[in-house]
Amino acid sequence: MNMTHPFRDADGDKLREECGIFGVIGAKDAANIAAAGLHSLQHRGQEAVGITSFSGSEFHSHRGLGHVAQVFRQKELDTLPGTMASGHVRYSTTGGSGLRNVQPLFADLASGGFSIAHNGNISNAMTLKRDLVSKGSIFQSTSDTEVIIHLVATSRYPTILDKFIDALRMVEGAYSLICMTSEGMIACRDPLGIRPLVMGRLGDATVFASETVALDVIGAEFTRAVEPGELVQVDHKGTISSHRPFGNPDPRPCIFEHVYFSRPDSVMDGRSVYQVRKQIGVELAKEALADADIVIPVPDSGLPAAIGYAQESGIPFELGIIRSHYVGRTFIQPGDAARNADVKRKHNANRAIVEGKRIVLIDDSIVRGTTSKKIVEMMRDAGAAEVHMRIASPPTEHSCFYGVDTPERSKLLAARMDTEAMATFIEADSLAFVSIDGLYRAVGEEKRKGKCPQFCDACFSGEYPTKLTDFSERETTQRNAA
Ligand code: SF4
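In this text, all values refer to a predicted model and were calculated from it rather than measured experimentally. In every chain, residue numbers begin from 1 and rise along the written sequence. Confidence filtering applies because this is a predicted model: local features only for residues at pLDDT of at least 70, side-chain atom pairs given and counted only at 80 or more, and all residues used for totals across whole chains, interfaces and linings. Side-chain calculation: all heavy atoms of the structure are included, whereas hydrogens and water are not.

**Student:** For this particular structure, what's the right way to read the packing of helix H5 (residues 145-154) against helix H6 (residues 160-170)?
**Tutor:** Packed helices, taken two at a time, are described by the angle their axes make and the gap between the axes. Angles here are taken between N-to-C directions and fall from 0 to 180 degrees, while the axes themselves are lines fitted to C-alpha atoms, restricted in helices to the stretch in contact. Strands here mean DSSP runs of E at least two residues long; helices mean DSSP runs of H or I at least four residues long; both are numbered from the N terminus. For the pair H5 and H6, interaxial distance at closest approach is 8 Å and the crossing angle is 125°. Of the possible angle classes, the one that applies to H5 and H6 is oblique. When you trace H5 past H6, the crossing you get is right-handed. On H6, the residues touching Ile148, Leu151 and Val152 of H5 are Ile160, Lys163, Phe164, Ala167, Leu168 and Met170. Only Asp, Glu, Lys and Arg are considered charged in this grouping, and only Ala, Val, Leu, Ile, Met, Phe, Trp, Tyr, Cys and Pro are considered nonpolar; every other residue, Gly among them, is considered polar. Grouping the constituent residues of the contact of H5 with H6 by class yields eight nonpolar, no polar and one charged. Note on terminology: angles under 35 degrees are roughly parallel, angles over 145 are roughly antiparallel, angles of 65 to 115 are roughly perpendicular, and the others are oblique. Each helix crossing is assigned a hand: it is left-handed if the near helix lies turned anticlockwise from the far helix by less than a right angle, otherwise right-handed if that turn is clockwise. By definition, residues are in contact when any of their heavy atoms lie within 4.5 Å.

Below, the structure is given as structure tokens:
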């Protein structure tokens, strides 16, 4: 993660997950398996990828900008021998950081080689970095993850596990980590389990991944989630030990993983992502039924919720928008004009279905509102009689500081306007969002527990589950200004 990212203009109209991580220990051709696993996590990060392997005496690494299949052909994988490998896909190589920030990061410590792959964001990294630099640490990247390496390097504890735990006690925020030393692999989740991490078995090998889909794709069997606050250590003989140095705080996994980030064929916290998304559509239909002729998903993210909405409401489901799969994602186009043109190249109205109809459009979220506005306009141009927009998440009013790239708060449409004003802005006949309790019902909870919510939902509620040492001052200023 780039330390400046939470306040950087994301230049797009979707929240985007910043990273996916994968690790395997005890397998022949570990790097090949890592590449296959990362390929299935490509939706979590499409700008850069890296794999580090360990061949028994040496660490080997290859990193590059681009997709997994572009960066890792067989010739690159052949340079990564060994039975242990970990990898990382990511966004946010902007800011001139280039390859320096591409993970896994690696350092030769006094205790030996140490590699780390991180999904999340450390919310006191700048404060820790200032302190480390004042004591003589020299940083190679602008990544918050490197702070952990320096904390491990300077820890006075004797074993690598104790050094690692010592380091993690000092960091706040969100982290799922896969680390490698010559002794083996350590995978862990922050005490609240904000970002996901699961483990599985592939023959005698142990596998860790951000999502279960990566286990499916390589033919591994899902064992269990790495629990919030748990460190799982695996040595080269396959011995697995579990450590819980942070007690048992109530977990707060990211609820947006269910709404948008994860692949629908993953299982997250024991729940099928696809089923949850469909159920959000059911809740949305119960809460905000529109008098309409057809239900249309904004592809692909609105699809499962639109199926649920159609089934619950009895309004027929139709593919009224066809998506081209051969266009770069909307957010990578700089500037409003390019972004607007890109929306049209990416989505096209299916006029034969839309013309003369009152339609309900279902999408997963509204961030800036620019994409929604264009899609509503496209539906009207195709002859829609009425356009009712329904959103499968509550209004996104706050920035995320836990590893999700959000525009600064002043750019979030819901932070600036109420629902009625947003409907006017996107020029829809009506607009409604699923309620926060509706979202909690969809993930299988009776309702949101007010004092101790079961999930992180800070981008909707503004209730951040950790301290935000580096950001609190700026966020407070933003809030007051909003
Ligand atoms: S703030 Fe939103 S996107 Fe970020 S971790 Fe919390 S729920 Fe997920």
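After that view of the structure, there is still more to cover.
**Student:** Got a minute to help me understand the sheet that holds strand E2 (residues 19-25) in this structure?
**Tutor:** Strands in a sheet are paired, the pairing made by backbone hydrogen bonds, and the direction either parallel or antiparallel. In short, DSSP must find at least two bridges between two strands for them to pair. What the seven strands build is an open sheet, ordered E4-E3-E5-E2-E11-E10-E12; its pairing is antiparallel. The open sheet is flanked by strand E4 (59-65) and strand E12 (221-225), the only strands paired with a single partner. The average angle at which neighbouring strand axes cross in this sheet is 15°, direction not considered. Examined bridge by bridge, strand E3 (residues 48-54) and strand E5 (residues 84-90) share seven bridges and lie antiparallel to one another.

**Student:** Could you clarify how one ought to interpret the nonpolar core in this entry?
**Tutor:** Proteins that are soluble and globular tend to have nonpolar side chains buried together. Ranked by internal contacts, the top residues of the largest apolar core, which has 45 residues, are Phe256, Ile280, Val295, Tyr309, Val360 and Tyr402. Discounting chain neighbours no more than four positions away, the residues touching Ile280 are Val259, Ala392, Val434, Leu439 and Ala442. Membership of the second largest hydrophobic core comes to 29 residues, among which are Ile122, Leu132, Leu168 and Tyr175. Side-chain atoms within 4.5 Å link the members of a nonpolar core, which is a set of buried Ala, Val, Leu, Ile, Met, Phe, Trp, Tyr and Cys residues. For each residue, the accessible area found with a 1.4 Å probe, counting protein chains only, is set against the maximum for its type, and the residue is called buried under 20%, exposed over 50%, and partly exposed in between.

**Student:** Which parts of the structure should I look at to understand the environment of Val152?
**Tutor:** Relative to the elements of secondary structure, Val152 occurs in helix H5. As for Val152 and Leu168, which are separated by 16 residues in sequence, their C-alpha atoms are 8.6 Å apart. Val152 has contacts with Leu109, Phe114, Ile160, Lys163, Phe164 and Ala167, leaving out every residue within four places of it along the chain.

**Student:** Please clarify how the confidence of the model for the protein should be interpreted in this entry.
**Tutor:** In low-pLDDT segments, the atomic positions of the prediction should not be examined closely. Residue-level pLDDT values for the protein average 90, and 90% of them are 70 or greater. One confidence number per residue, pLDDT, is output by the predictor and ranges from 0 to 100. Below a pLDDT of 50 lies the segment residues 1-11, which in the model reaches 62 contacts outside its immediate sequence neighbourhood of four places, other chains included. Confidence over residues 330-334 falls short of pLDDT 50; this stretch has 17 contacts with residues more than four positions distant or in other chains.

**Student:** Can you walk me through helix H13 (residues 370-381) in this structure?
**Tutor:** Along an α-helix, a turn takes 3.6 residues, which lines up residues three or four apart on a common side. Compared with the 16 Å implied by 1.5 Å per residue over twelve residues, the 17 Å span of H13 between its first and last C-alpha is a close match. Positive phi shows up at Gly383, right after H13, with a value of about 100°. One less than the residue count of a helix, multiplied by 1.5 Å, gives the span that helix is expected to have.

**Student:** Before we go on, may I ask you to explain the UniProt feature "binding site: Mg(2+)" (unreviewed entry) in the protein in this structure?
**Tutor:** As recorded in UniProt, the sites labelled "binding site: Mg(2+)" (unreviewed entry) are Ser301, Asp363 and Asp364. These annotated residues cover 64 residues of sequence, and their C-alpha atoms lie no more than 6.5 Å from one another, placing them together at a single site. Along the chain, Asp363 turns up in strand E20 (residues 358-363). Not counting residues up to four positions away in its chain, the partners in contact with Asp363 are Lys14, Val298, Ser301, Gly302, Met389, Arg390, Ile391 and Ala392. One polar contact links Asp363 to Ser301, side chain to side chain, over a distance of 3.3 Å. When you line up the elements, Asp364 lands in the loop between E20 and H13. On the accessibility criterion, Asp364 (1% relative accessible area) is buried. Those residues in contact with Asp364 that lie beyond four places of it in its chain are Lys14, Val259, Tyr260, Ser301, Gly302, Ile391, Ala392 and Ser393. N or O atoms closer than or at 3.5 Å make up a polar contact, with two conditions inside protein: a donor-capable atom paired with an acceptor-capable one, and, for residues adjacent in sequence, both atoms drawn from side chains. In this structure the side chain of Asp364 is engaged in a polar contact, spanning 2.7 Å, whose partner is the side chain of Ser301. UniProt positions are given in the numbering used here, feature names are shortened, and annotations may be inferred rather than shown by experiment.

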